[in-house]
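Spelled out from the first residue to the last, the chains are:
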Amino acid sequence: GFKSRVSVIGSGSWGSVAAKLVAFNTLNLSSFHDEVKMWVFEETLQSGEKLTDAINRTNENVKYLPGIKLGKNVIADPDLDNAVEDANMLVFVTPHQFIDNICKSLVGKVRSDAEAISLIKGMEVKIEGPCLISTYISEQLGINCSVLMGANLANEVQDVEGVELCGTLKNVVAIAAGFVDGLDMGNNTKAAIIRFGLREMREFCKLLFSSVKDDTFFESCGVADVITTCFGGRNRKVAEAFARNGGKRSFDELEAEMLQGQKLQGVTTVREVYEVLRHRGLLELFPLFATVHEICSGCLPPSAIVIYSEKKNIFP
Ligand code: NAD
Ligand code: 13P
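Chains are numbered independently. Their residues run from 1 in the order of the written sequence. Throughout, the order in which chains and ligands are written sets their labels, letters from A for the former and numbers from 1 for the latter. Residues qualify for local features only when their pLDDT is at least 70, as the model is predicted, and side-chain atom pairs are given and counted only at 80 or more; totals for whole chains, interfaces and linings, by contrast, use all residues. Water and hydrogen atoms were dropped before computing side-chain values, which therefore reflect all heavy atoms in the structure.

Asker: Help me understand the site of ligand 1, please; the structure alone is not making it clear to me.
Answerer: Here, proximity means that at least one heavy atom of the residue falls within 4 Å of the molecule or strand. Near ligand 1 there are 21 residues, and of these Ser13, Trp14, Lys121, Lys263 and Gln265 occur at the shortest range. Backbone polar atom of Gly15 to an oxygen atom of ligand 1: 3.1 Å apart, as the coordinates give it. Between N or O atoms, a polar contact is any pair within 3.5 Å; within protein, one atom must be a potential hydrogen donor and the other a potential acceptor, and residues adjacent in sequence are included only when both atoms are from side chains. With respect to ligand 1, the backbone of Lys263 contributes an N or O atom lying 2.7 Å from an oxygen atom. Protein contacts shield 85% of the accessible area of ligand 1, which totals 840 Å² for the unbound molecule. The greatest single-element share of the shell around ligand 1, amounting to 3 residues, is contributed by helix 1 (residues 13-28). Accessible surface area values rest on a Shrake-Rupley calculation with a 1.4 Å probe, where residue burial reflects the displayed protein chains alone. Labels follow the DSSP assignment, with helices taken as runs of H or I lasting at least four residues and strands as runs of E lasting at least two, numbered in each case from the N terminus.

Right, here's the structure in full:
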């Protein structure tokens, strides 16, 4: 009978985890082909070896997920067209800033009956309206696209807009939390910032999509992901360093130095969120988001994050 074929588009740290889990499942399910192709944005390692070759030789993503065997049935492929050929299930898992180019080059290349799922936390928040990554993939490629994200599996959640916006906006709250850590302001302040952050997340989601459900914020993709990202994530980590340096070293510079090729998404997101709020005349209602952007862009010092706490909070 027909066997499904899964390809993973993306091979950063989360992309590699996704490929490993998918490959474990395809091996154990007779309705799937064993092999899982993983598209790799090709690069040359310091050793001179191509990343793709190193992954296929060692069965590990030596750069983005070292020390973890992916499973012999994961095949790294630097050719995007080749990686998706014949696949009827596509897992998208790249930093959101690259999805535009990837989708454009995939137009006309994927099977018409393919189904997609996006694990991407981020989106383009444009003045004319937000563009969900899942919607973008769906429209560009003419296929269905679901979303899966959270601090762990959140597949019971149906509220696509709410889930994807939570995954996007938590990166902004993580930056605020990182500033608080970098300023050594303690856990009470950090908890307050996280609480205000969640509140602004909820109000911003509702502003864009009236359909977003309150319950979504209590799911894994909401409060749980905010907690994990504000304590263990990369946005938090780099924001802490930014604050410790008094804002004198840019996020780009710190990202390159501290993350070895991994990508931050919160700084881009908060810039777009700020533009949307400014355009709608709503910046005053979102002092945390506004302040995070003003700090990231160098208009305010990192310590301005506490001035936020002194402003009257608008949402109950
Ligand atoms: P990463 O930050 O670990 O790695 C960056 C990736 O981007 C690498 O694969 C690199 O090759 C690739 N890249 C660099 N330049 C590129 C370009 N011009 N075009 C295309 N690709 C390019 O990536 P990640 O953590 O796997 O993130 C993928 C998605 O997963 C993101 O949306 C992220 O929010 C989400 N996510 C990450 C985690 C996590 O803990 N890492 C957890 C949940 C969700
Ligand atoms: P960072 O991108 O800030 O590392 O967060 C990872 C994440 O999404 C945790 O759920």
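Now that the structure is up, let's keep going.
Asker: Please clarify how the sheet that holds strand 1 (residues 6-9) should be interpreted in this entry.
Answerer: The strands making up a sheet associate through hydrogen bonds between their backbones, and the pairing can be parallel or antiparallel. At least two DSSP bridges between two strands are required for those strands to pair. Judged by pairing direction, the sheet is parallel, and its 6 strands sit side by side in the order 5-2-1-6-7-10 without closing on themselves. The outermost strands of the open sheet, each flanked by one partner alone, are strand 5 (74-77) and strand 10 (144-147). When the angles between neighbouring strand axes are averaged without regard to direction, this sheet yields 25°. Whether two residues touch is decided by their heavy atoms; if any such pair falls within 4.5 Å, the residues are in contact. An axis is simply a line fitted to the C-alpha atoms; with a helix, the fit covers only the stretch in contact. Between two such axes, the angle follows the N-to-C directions and lies from 0 to 180 degrees. On top of the sheet, helix 4 (residues 99-106) reaches strand 1, strand 2 (36-39) and strand 6 (89-92); it is set at about 160° to strand 6, its chief contact.

Asker: Could you clarify how one ought to interpret the site of ligand 2 in this entry?
Answerer: Near ligand 2 lie 9 residues; those nearest to it are Lys121, Lys170, Asp225, Arg234 and Asn235. Lys170 is positioned such that a nitrogen or oxygen atom in its side chain is 2.8 Å from an oxygen atom of ligand 2. With respect to ligand 2, the backbone of Arg234 contributes an N or O atom lying 2.6 Å from an oxygen atom. Starting from 310 Å² of accessible surface for ligand 2 in isolation, the protein chains cover 80%. Of all the secondary-structure elements, those providing two or more residues to the shell around ligand 2 are helix 8 (220-232) and helix 9 (234-244). Considering every element that reaches the shell around ligand 2, the biggest residue donor is helix 8, with 3 residues. Residue composition of the shell around ligand 2, by class: no nonpolar, 5 polar and 4 charged. Here the nonpolar group is Ala, Val, Leu, Ile, Met, Phe, Trp, Tyr, Cys and Pro; Asp, Glu, Lys and Arg are the charged ones; every other residue, Gly included, is treated as polar.

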